[in-house]
Amino acid sequence: MKIIHLISGGDTGGAKTHVHMLLHNLSKSIDVTMVCFTDGPFAQEARELGIETVIFPGNNILRIRRELTRFIREGNYDLIHCHGARGNMMGALLRKPTGLPVVTTVHSDYRLDYLGRPLARLTYGVVNAVALRKLDYRIGVSDAMTDLLISRGFDPDRLFTIYNGLDFTPRIPTKSREEYLQSLGLDWPADSVIVGITARLNPVKDIPTLIRGFALARQSCPQLRLLIAGDGEEMGKLKALAEELNLAGDICFAGWITDTDSFYNAIDINSLTSLTETFSYSLTEGARFHLPTVASRVGGIPYLIDHGVHGLLFQARDHEALARHFTALAQDSELRTHLGERLFQRARSDYSLSSTLERQKDIYRSILHRKGRPYGKRDGVLICGAYGRGNAGDDAILEAIIQEMRQLDPDLPLWVLSRRPKETRLTYRVNAIYTFNVPRFLRRMGHIRLYINGGGSLMQDATSRRSLWFYLFTIWAAKLRGNPVIMYGCGIGPIQYPSNRRLCARILQKRVDVITLRDTHSKTELDDMGVTNPRIILAADPTVILPAAQPATVDGLLENATLDPAGRYIGFTLRPWPGFEAKADIFAQAADYAYEKHGLTPVFLPIERRLDLPAAQLVADRMKAPHHLLDETGSSAHTIGLFARMKVVVSMRLHALVFAAGQGVPLVGVVYDPKVSSFLHYIGQDLYTDLNALTLEDLKAHIDAAVSRMGDDGFLREGVERLRQVERRNQDAAAELLGLK
């Protein structure tokens, strides 16, 4: 693998650090050459690091293009990698004459690069914006940057993400905490809780909010101190603010520092108050020292820190929220330890130097692999389902299908029909089309290799006949446009209207190649409708493959919801349905019973927040026992992790039962739809009752039986393992239709 990098040569700051670090370490394992268009400190430092550096000086763009084209051809390079406006411009000009794929790393928001410099913005800024659109691939230096590019219409299939890696090899600070503070002329008490920040002292870092938040927190926590490392144009203004707030003896302005190891070793809380931030080295530096972190919720920061799990976040400029976080950490050393350790583990896993280098090489391999793909006009998969509606179960289905398609081929272009296409693009990094934009998805169907009618109970008319007609239309259209069609890990029914049953049978019989089912009841429905022509495979719901979040992450989620991670809980997932309100008292009394008899605190966990929260509140309002109602459960991994911490789960929602079953949690089902009882029967479980027939005695008896199964390591294991094994049939069937097996 031979890569040529193009960069202007005058870069500073994060971009300079990233490029030097990346090329210095990449050159140890692959052939790397850096081309600069100006000589100077940037190029000289690169040479000192052992990076092969070549200068193509001057402003004659056409001449440089000719010379670089010859240089690249003679050097037999495989790929061109650009950085910055001039690198991007030259990369765009070199695509055609070299025939090589061109990728750029986007280090900052290109629309903000020349703020305050109108002429440069009008020239370099416009050229850069155009060049970015002309290149083949783009790499964002954080998830936030990648999301920004997606939001501006860049193709998610041609975007990658990388982070500025940090060497997590343990290092011993040159000075102890006491020695370092003394070197700054500080005589702070040994029991001080020191908040620290390393940042340029300019407006974007918003140090005034830090000082105001610190001042407010110190009123209740006099042991707090603040150590500010950095310099800049706001130094005088900030010192004046500290004097105004009577904090002169409690704040130290250390200026620029070189001994960062001793600095981070000396503080107890790391902080960052930026108004905007792509990604900050200071966060991973602090993480390397296991420091708890308080930071503004901007840019790439929330991708590193889940609030309450790996640190504490606040809205930029909100000094009162910042003060509350400082107070909580100052008063709780155990919380500081937990947050610091979780952040360290996450940063070491995802943001280490070794991870960055492997990620960059993976990106190169992926680009070169895509260049050699044998497919012509048709490539990729279109996935259709009930996506983008805020239902955690449906979202988990989509996540599982995407995961399995990328396992088959990491470079397979993926398209999704979604009610919220912008949200789907950002969440799953796939292309998305508004569900009812018929002309657009019909055009896309003419360019794909496989159509997936994806998961869930799409073939039913209990909630809507129109939705059934729509999904049948998409199947009909996909086959008409020349695509193989698979219905993926789906449920069938109930289809109540005879005319709908006939229509469904006719289209499935003629237009579908493979149907993989998630339960035996669905097979019976197909048999009753006379559907025999597609290949029918009994598989499982795709979501059974999804993992739970790491235990430490789930601990943080529970703590953030004021729940003890070691507590004993019974989970309830309820939904509004005809007859539910009449049974609300039964659910409330059963929840009280679980608390009083078995010591299980009820926790209400929503799957579809919009519907499930009012149902849960209706029951919670009628309870006497202590209970918790979670406003939301987060990502699929977080949701599954929360269900894993329940000792028993009582649910009307199918996917709550699937999530809990996958984690070996005893289940009690309340059946409002045959799909619920069919799933429980499929995995060999017998604790379920029809909603209309539900009685308090039955529900209490089922809870007792489920409690008796707690702690049985073998419980559900056989059924769950069988589910995961047969679920692979979904992926295998898709692989056959794609010609990958």
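Data block above holds the structure.
This report concerns the structure included in the present document. None of these values were measured; they are calculated from a predicted model.

Taken N-terminus to C-terminus, the directions of helix α23 (residues 584-598) and helix α28 (residues 696-708) make an angle of 35 degrees; their axes are 10 Å apart at the nearest point. Pair α23 / α28 crosses with right-handed handedness. Judged by residue contacts, Ile 586, Phe 587, Gln 589, Ala 590, Tyr 593, Ala 594, Lys 597 and His 598 of α23 engage Leu 696, Leu 699, Lys 700, Ile 703, Asp 704 and Val 707 from α28. Residue classes in the contact of α23 with α28 are distributed as 9 nonpolar, 2 polar and 3 charged.

Judged by nonpolar contacts, the single largest core of 73 residues is most densely connected at Phe 587, Phe 679 and Leu 699. Excluding anything up to four places from it in sequence, Leu 699 contacts Ile 586, Phe 587, Ala 590, Val 650, Val 668 and Leu 694. In this structure, Trp 415, Phe 441, Leu 472 and Val 531 belong to the second largest nonpolar core, which totals 34 residues.

Moving on to the pattern of salt bridges. Counted according to the given criterion, the structure contains 33 salt bridges. In this structure, the salt-bridge partner of Asp 143 is Arg 429, at a minimum N-O distance of 3.0 Å. Taken together, the residues Asp 143 in helix α6 (residues 143-151) and Arg 429 in the loop between α17 (421-428) and β16 (431-434) connect sequence positions 286 residues apart. For the pair Asp 143 and Arg 429, a shared accessibility class is recorded, and that class is buried. Between Glu 358 and Lys 361 there is a salt bridge whose closest N-O contact spans 3.3 Å. Of this pair, Glu 358 and Lys 361 both sit in helix α15 (residues 353-371), 3 residues apart, which is roughly one turn of that helix. You can call Lys 361 buried: its relative accessible area is 13%.

Turning our eyes to something else, we now look at the sheet that holds strand β2 (residues 31-36). Taking strand neighbours across the sheet as the criterion, the 7 strands line up as β3-β2-β1-β4-β5-β6-β7 in an open arrangement whose pairing is parallel. Strand pairing shows two members of the sheet lacking a second neighbour, β3 (53-55) and β7 (159-161), which therefore form its edges. Strand-to-strand twist of the sheet, defined as the mean angle between neighbouring strand axes without regard to direction, takes the value 25 degrees. The pairing of strand β1 (residues 2-7) with strand β4 (residues 79-83) spans 4 bridges and is parallel. Note on β4: the bridge partner recorded for Ile 3 is Leu 79. The strands touched by helix α3 (residues 61-74) within the sheet are β1, β2, β3 and β4, with β1 carrying the most contacts at an inclination of about 160 degrees. Packed on one face of the sheet, helix α4 (residues 84-98) meets β1, β4 and β5 (102-106) and runs near 160 degrees to β4.

The next point concerns the pairing of strand β8 (residues 193-198). Side-chain positions along a regular strand alternate between the two faces of the sheet. The buried fraction of β8 amounts to 6 of the 6 residues, a majority that puts the element mostly inside the structure. Burial along β8 is two-sided: Val 193, Val 195 and Ile 197 and Ile 194, Gly 196 and Thr 198, pointing in opposite directions, are all buried. Relative to strand β9 (residues 224-229), β8 runs parallel, the two sharing 6 bridges. Across the sheet, residue Gly 196 finds its bridge partner in β9, namely Leu 227. With helix α8 (residues 207-218) bridging β8 and the parallel β9, this β-α-β connection has right-handed handedness. Relative to strand β11 (residues 269-272), β8 runs parallel, the two sharing 2 bridges. The partner of Val 195 across the bridge, within β11, is Ile 269.

This brings us to helix α16 (residues 392-408). Compared with the 24 Å implied by 1.5 Å per residue over 17 residues, the 24 Å span of α16 between its first and last C-alpha is a close match. With 12 of its 17 residues buried, α16 lies for the most part within the structure. Every buried residue belonging to α16 is among Ala 392, Gly 393, Asp 394, Asp 395, Ala 396, Ile 397, Leu 398, Ala 400, Ile 401, Ile 402, Glu 404 and Met 405, and all of these are buried. The N-cap of α16, judged by a side-chain oxygen 2.8 Å from the amide nitrogen of Gly 393 a few residues on, is Asn 391.

Each value, and the rule that gives it
- Residues numbered from 1 in each chain as written.
- Predicted model: local features only at pLDDT ≥ 70, side-chain atom pairs only at ≥ 80, totals over all residues.
- Heavy atoms only, no water.
- Axes fitted to C-alpha atoms, helices over the stretch in contact; angles between N-to-C directions.
- Helix = DSSP H or I, 4+ residues; strand = E, 2+ residues; numbered from the N terminus.
- Left-handed = near helix turned anticlockwise from the far one by under 90°.
- Contact = heavy atoms within 4.5 Å.
- Nonpolar A, V, L, I, M, F, W, Y, C, P; charged D, E, K, R; others polar.
- Core = buried A, V, L, I, M, F, W, Y, C linked by side-chain atoms within 4.5 Å.
- Buried < 20%, exposed > 50% of the residue type's maximum accessible area, 1.4 Å probe, protein only.
- Salt bridge = Lys/Arg side-chain N within 4 Å of Asp/Glu carboxyl O.
- Pairing = 2+ DSSP bridges.
- Right-handed = clockwise from strand over helix to strand, strands pointing away.
- Expected span 1.5 Å × (residues − 1).
- Polar contact = N/O pair within 3.5 Å; in protein donor to acceptor, adjacent residues only side chain to side chain.

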